[in-house]
Amino acid sequence: MAAATIPGSTDKRIDALLTLLADNAMIVISGAKIAREIGVSRSTVWRWTQTLRALGVRVKGHPRTGYRIEKVPDVLAPELLRRRLRDTPFSKRIHHFFKTDSTNDVALRLGHAGEPHGAVVIAEEQTAGRGRAGRAWHSEKSSGIYMTALLRPKISPVHAPLVTLLAGLAVRDAVLEQTGLEADLRWPNDLLLRGKKFSGILTEMHAEPDRVHFVIVGIGINVNHTRMPDELAAIATSLRIEAGGSHSRVELVAKLLRHLDSYYNRFLNEGPEPILARIAEVSSYARGKRVRITTASESYTGTTAGLEPSGLLRVRRDDGRTEVVLSGDVAEAS
Ligand code: BTN
């Protein structure tokens with residue numbers, strides 16, 4: 001399957017235009033030269049610069065004088081990402097959308113259609129971003145990272161929860177590297193700063209009882225939101241709110257995918273132990289945390305007591321019984 005044939009995905013030539021402008025930031029390039037380089041007419045170049053402007057890319061100029069970009073744009077253009085990911089499996093098939101329903105939905109369709117390991121779906125905006133338990137994921141245009149990676153690990157479905165955990169570690173490392181902020185991990189899929197969530201992971205898979213066909217790891221990160229919507233403000237935050245200033249999403253995605261590749265390979269080569277050990281080090285929720293667990297059938301309080309080899313959470317209930325939490329919400333309890 002050719003890489004950019006998905007309906008709605010960004011035209012490769014817009015990607016080329018963005019890359020050309022970004023590579024020549026502050027330099028005036030004539031419309032004719034751009035048209036020649038990317039293989040479209042000058043009027044198309046004009047139309048596309050208008051599209052880019054609407055997305056907040058500061059392109060100055062017009063067909064007669066030429067174009068100049070005022071600042072390297074923070075659009076998650078595949079070519080800008082690709083060159084930062086060359087030695088990873090994530091560089092070859094990056095599917096970018098200015099707008100889509102949910103990158104997980106796109107990746108699921110791609111997975112079923114045979115898309116290879118390492119494909120990445122990324123969107124500037126989602127109209128139906130999904131979280132766990134049927135919740136929505138707030139996906140404001142160009143402020144956050146909305147991305148799904150498709151993996152084809154040769155593992156048993158029993159080990160799938162570890163993929164969510166290693167993705168959480170990858171987000172944590174990337175954020176630490178870029179901002180200096182040390183995030184907490186709330187089992188199984190939340191990343192927190194000062195107790196508020198700024199990132200969530202939604203892992204879905206297609207599997208048979210003994211073998212995984214593919215796993216998709218959907219990652220949402222609130223990056224440059226200056227404020228969260230009122231209904232989320234008490235529980236959610238962004239890197240910008242916590243660290244101040246705006247952050248390059250291109251750099252953050254590249255760091256994240258590099259860490260994901262490295263944790264994933266460690267997991268395949270060495271098994272769950274390094275992942276579990278790292279979670280125990282960096283997650284305040286792994287052991288000794290008072291929590292309330294809410295599942296589809298009940299709600300109870302207890303204290304976390306480490307992770308199972310499969311990545312599931314052990315909780316010692318207040319009545320003394322130990323539970324292994326398969327799914328459900330984990331909240332800090334007093
Ligand atoms: C959660 O915290 O409940 C998980 C949130 C996952 C959100 C991401 S954004 C990219 C990908 N596409 C989706 O529709 N969801 C995930």
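Residues numbered from 1 in each chain as written. Predicted model: local features only at pLDDT ≥ 70, side-chain atom pairs only at ≥ 80, totals over all residues. Heavy atoms only, no water.

**A short note on the packing of helix 6 (residues 160-179) against helix 9 (residues 273-282)**
Test applied: Lines fitted to C-alpha atoms define the axes here, with helix axes fitted over just the stretch in contact, and angles between the N-to-C directions of these axes take values from 0 to 180 degrees. The helix and strand labels rest on DSSP assignments: H or I over at least four residues marks a helix, E over at least two residues marks a strand, and numbering proceeds from the N terminus. Every angle not falling under 35 degrees, over 145, or within 65 to 115 is termed oblique; those three ranges are roughly parallel, roughly antiparallel and roughly perpendicular. In this scheme the handedness of a crossing depends on how the near helix is turned from the far one: anticlockwise by less than a right angle means left-handed, clockwise means right-handed. Note on contacts: a residue pair qualifies if any of its non-hydrogen atoms lie within 4.5 Å across the two residues. For this classification, Asp, Glu, Lys and Arg are treated as charged, while Ala, Val, Leu, Ile, Met, Phe, Trp, Tyr, Cys and Pro are nonpolar and the rest, including Gly, are polar.
Where helix 6 meets helix 9, the axes come as close as 10 Å, and the angle between the chain directions of the two elements is 50°. Between helix 6 and helix 9, the interaxial angle falls into the category oblique. Remark: the crossing between helix 6 and helix 9 carries left-handed chirality. Here helix 6 contributes L162, L165, L166, L169, R172 and D173 to the contact with helix 9, which in turn contributes I275, L276, R278, I279 and V282. Broken down by class, the residue content of the contact of helix 6 with helix 9 amounts to 8 nonpolar, no polar and 3 charged.

**What to know about the site of the ligand**
Definition in use: Only a single heavy atom is needed: when it lies within 4 Å of a molecule or strand, its residue is near that molecule or strand. Here a polar contact is recorded for every N or O atom pair within 3.5 Å, except that within protein the pair must consist of a potential hydrogen donor and a potential acceptor, and residues adjacent in sequence are included only if both atoms are side-chain atoms. The protein chains shown are the only cover counted for residues, whose accessible areas, like all others here, come from Shrake-Rupley with a 1.4 Å probe.
Around the ligand, the surrounding shell holds 21 residues, and the nearest of these are S102, Q126, R130, R132 and K197. Between the ligand and the protein, one listed contact pairs a nitrogen atom with a backbone N or O atom of R130 at 2.7 Å. Between an oxygen atom of the ligand and a side-chain N or O atom of K197, the distance comes to 2.5 Å. Surface burial for the ligand is 99%, taken as the share of its 420 Å² of free accessible area covered by protein chains.

**Some points on the side chain of Q126**
By secondary structure assignment, the location of Q126 is in the loop between strand 4 (120-123) and strand 5 (144-151). Among the polar contacts made by the side chain of Q126, one reaches the main-chain amide nitrogen of T103 at a distance of 2.8 Å. Side-chain polar atoms of Q126 contact the side chain of S139, separated by 3.0 Å.

**Quick word on the sheet that holds strand 12 (residues 313-317)**
For the record, the criterion: Any two strands with at least two DSSP-identified bridges between them are counted as paired.
Pairing within the open sheet is antiparallel, and its 5 strands lie in the order 13-12-11-10-14. At either margin of the open sheet sits one strand with a lone partner, and together these are strand 13 (322-325) and strand 14 (329-332). Between one strand axis and the next, the sheet turns through 45° on average, direction left out of account. Here 6 bridges tie strand 10 (residues 287-294) to strand 11 (residues 299-307), and the two strands are oriented antiparallel to one another. Opposite V291, over in strand 11, you have G302 as the bridge partner.

**Description of helix 9**
Stated formally: Using a 1.4 Å probe on the protein chains alone, a residue whose accessible area is under 20% of its type maximum counts as buried, one over 50% counts as exposed, and one in between counts as partly exposed.
For helix 9, every residue scored as buried is listed here: P274, I275, L276, I279 and V282. The inward-facing, buried residues of helix 9 abut helix 6, strand 6 (184-186), helix 8 (249-270) and strand 11.

**Some thoughts on the side chain of T88**
Mapped onto the secondary structure, T88 falls in the loop between helix 4 (78-82) and strand 3 (94-97). Look at T88 and you get buried, because its relative accessible area is 5%. With residues near it in sequence (within four places) discarded, T88 still touches R258 and D261.

**Description of the pairing of strand 7 (residues 190-193)**
Of the two faces of strand 7, both are covered, the one formed by D190 and L192 as well as the one formed by L191 and L193. Pairing analysis gives 3 bridges linking strand 6 to strand 7, with the strands arranged antiparallel. The partner of L185 across the bridge, within strand 7, is L191. Counting the residues that bridge the hairpin from strand 6 to strand 7 gives 3 residues. Here 4 bridges tie strand 7 to strand 8 (residues 196-208), and the two strands are oriented antiparallel to one another. Looking across to strand 8, one finds that L193 is bridged to K196.

**Some points on the sheet that holds strand 3**
Here we have 7 strands laid out as an open sheet, ordered 3-4-5-9-8-7-6, and mixed in their pairing. Because the sheet does not close on itself, it has two edges, and the strands there are strand 3 and strand 6. Neighbour to neighbour, the strand axes of the sheet diverge by 20° on average, direction disregarded. Strand direction decides the pairing type here: strand 4 and strand 5, joined by 4 bridges, are antiparallel. Among the inter-strand pairings, I122 is bridged to a residue of strand 5, identified as M147. Of the strands in this sheet, strand 5, strand 6, strand 7, strand 8 and strand 9 (211-222) touch helix 6, which is tilted by about 145° from strand 8. The strands touched by helix 8 are strand 4, strand 5 and strand 9; relative to strand 5, the strand with the most contacts, the crossing angle is about 30°.

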